[in-house]
Amino acid sequence: MFPRPLTPLATPNGAEPLGRTLRRAPLGRARAGLGGPPLLLPSMLMFAVIVASSGLLLMIERGILAEMKPLPLHPPSREGAVWRRTAPRPGELAVDAGDSDLQVRQDVRNRTLRAVCGQPGMPRDPWDLPVGQRRTLLRHILVSDRYRFLYCYVPKVACSNWKRVLKVLAGVLDSVDVRLKMDHRSDLVFLADLRPEEIRYRLQHYFKFLFVRDPLERLLSAYRNKFGEIREYQQRYGAEIVRRYRAGAGPSPAGDDVTFPEFLRYLVDEDPERMNEHWMPVYHLCQPCAVHYDFVGSYERLEADANQVLELVRAPPQVRFPTRQAWYRPASPESLHYHLCSAPRALLQDVLPKYILDFSLFAYPLPNVTREACHQ
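Residues numbered from 1 in each chain as written. Predicted model: local features only at pLDDT ≥ 70, side-chain atom pairs only at ≥ 80, totals over all residues. Heavy atoms only, no water.

- As annotated in an unreviewed UniProt entry, the chain is Carbohydrate sulfotransferase from Chrysochloris asiatica.
- Among the UniProt annotations of the chain, the heading Subcellular location (unreviewed entry) holds the following wording: "Golgi apparatus membrane".
- The Sequence similarities (unreviewed entry) comment attached to the chain in UniProt states, word for word, "Belongs to the sulfotransferase 2 family." (UniProt positions renumbered as here; feature names shortened; annotations may be inferred.)

Examining the state of the cysteines
Such a bond, covalent and formed between the sulfur atoms of two cysteines, is termed a disulfide.
Then step 1. Considering all chains together, one arrives at 3 disulfides under this definition.
Then step 2. Covalently, Cys117 is tied to Cys289 through a disulfide, its sulfur atoms 1.9 Å apart. One quick way to see it: the torsion about the S-S bond of Cys117 and Cys289 is about -75°, and its sign makes the bridge left-handed. With Cys117 in helix α3 (residues 100-117) and Cys289 in the loop between α10 (282-286) and β4 (295-298), the pair connects residues that are 172 residues apart, well separated along the chain. (Disulfide = S-S within 2.5 Å. Helix = DSSP H or I, 4+ residues; strand = E, 2+ residues; numbered from the N terminus.)

Points about the sheet that holds strand β2 (residues 149-152)
Then step 1. The strand order across the open sheet formed by 4 strands is β1-β2-β3-β4, and the pairing between neighbours is mixed. A single partner strand is all that each edge strand has here, and the edge strands are β1 (141-144) and β4. Within this sheet the neighbouring strands show an average axis-to-axis angle of 25°, counted without direction.
Then step 2. Two strands pair when backbone bridges link them, and β2 and strand β3 (residues 207-212) are joined in this way by 4 bridges, in the parallel orientation. From the neighbouring strand, Cys152 faces β3, where its bridge partner is Leu210.
Then step 3. Sheet contacts for helix α5 (residues 159-169): β1, β2 and β3; angle to β2, the most-contacted strand, approximately 155°. (Pairing = 2+ DSSP bridges. Axes fitted to C-alpha atoms, helices over the stretch in contact; angles between N-to-C directions. Contact = heavy atoms within 4.5 Å.)

Some points on unusual backbone geometry
Then step 1. One non-glycine residue, Gln287, adopts positive backbone phi at about 45°.
Then step 2. With respect to the element layout, Gln287 can be found in the loop between α10 and β4.
Then step 3. One non-glycine residue, Arg314, lies in positive phi territory at about 60°.
Then step 4. Relative to the helices and strands, Arg314 is located in the loop between α11 (302-312) and α12 (333-342).

Remarks on the nonpolar core
Then step 1. If you look at the biggest cluster of nonpolar residues, it comprises 96 residues, and the most contacted ones within it are Trp162, Phe263 and Trp279.
Then step 2. When near neighbours in sequence (up to four residues on either side) are disregarded, Phe263 contacts Leu219, Tyr223, Phe227, Ile241, Val258 and Trp279. (Core = buried A, V, L, I, M, F, W, Y, C linked by side-chain atoms within 4.5 Å. Buried < 20%, exposed > 50% of the residue type's maximum accessible area, 1.4 Å probe, protein only.)

A look at the packing of helix α8 (residues 231-245) against helix α9 (residues 260-269)
Helix packing for two helices is described by the angle between their axes and how far apart those axes are.
Then step 1. Axis separation between α8 and α9 bottoms out at 10 Å; the angle between their running directions is 90°. With respect to α9, the axis of α8 lies roughly perpendicular. Contacts from Tyr237, Ile241, Val242, Arg244 and Tyr245 of α8 reach α9 at Glu262, Phe263, Arg265, Tyr266 and Asp269. (Parallel < 35°, antiparallel > 145°, perpendicular 65-115°, else oblique.)

Some words on the pairing of β1
Then step 1. Residues Ile141 and Val143 line one face of β1 and the alternating positions Leu142 and Ser144 line the opposite face, and both faces are buried.
Then step 2. Across 4 bridges, the pairing between β1 and β2 is antiparallel. Directly across from Ile141, in β2, lies its bridge partner Cys152.
Then step 3. Hairpin connection of β1 to β2: 4 residues between the antiparallel strands, including Arg148 at a positive phi of 55°.

Quick look at the structure:
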């Protein structure tokens, strides 16, 4: 239920454990352009890991709860409209008073974000970001002017269902249960579609939220879906991965049999800022230091957190978050454990630094793939 202490990866032959390796590992390549904020230094990574492990656990043990601001402005009440519940009065918590677990979880993430994002060199505003990073961010934030909220979508974290909800709230779909192939662009408004002054106003006055997921579980989900089911990804990415990392692959591989270690090797060589959105770190997609999110939900308690958001934005009671389809089989912790234990430990040590901010900012534990854990 609560975050567990971060468990370092064991390494063979007396090598340093992963905890010390991560502190020295650079996060991506050096940025070429001038004027952008510097990349995080190794000391910053160490700080983030410490905050996400011992510091956060200490907060939980002491039962510290966040002082949350009142809800931002909402659209005027419509005559005859039926809301799920009344908005909290100033000074009240913007979560269910009886859900102490949710309060603690939100407080943990809020405090971690404040601690890490308050460090020198971290962006305070989308306009502090280099042009490419700002473009990525604005293209991933969806707008509901009717309900005055912004949602930063993260692929492989139920974003298709959230887009259905936005289309229902906008009156484009009658129900979230309509069985249509999801068009991820039409009938949706993105911050990138708006003028700078319109963007600033919404960032200042609208309710802002995103949903996150265990970083490695999200990677496994993307790997299974894109390389196991989507021909376009097999041809565009899979064939190149096989050519690059498989000995004797030949000039024209099909790309439909990429192994998980090959996928990880590909990620090691990729610049996080230029990755495909399905495996780009959440930090680069949603920039939680440049955008001050009011709510960070998690995939692990998707239904409860999604319902909480729908209450906070005062969605009509008939609008609900879609239920998971019976045929859908998400990447499970057991499946993730199997794939991680099957991958070379040195490869994991190279991949994890690229997602270290996702682990630390959102209080996810590093994987335990020690020999003992993998043989259980």
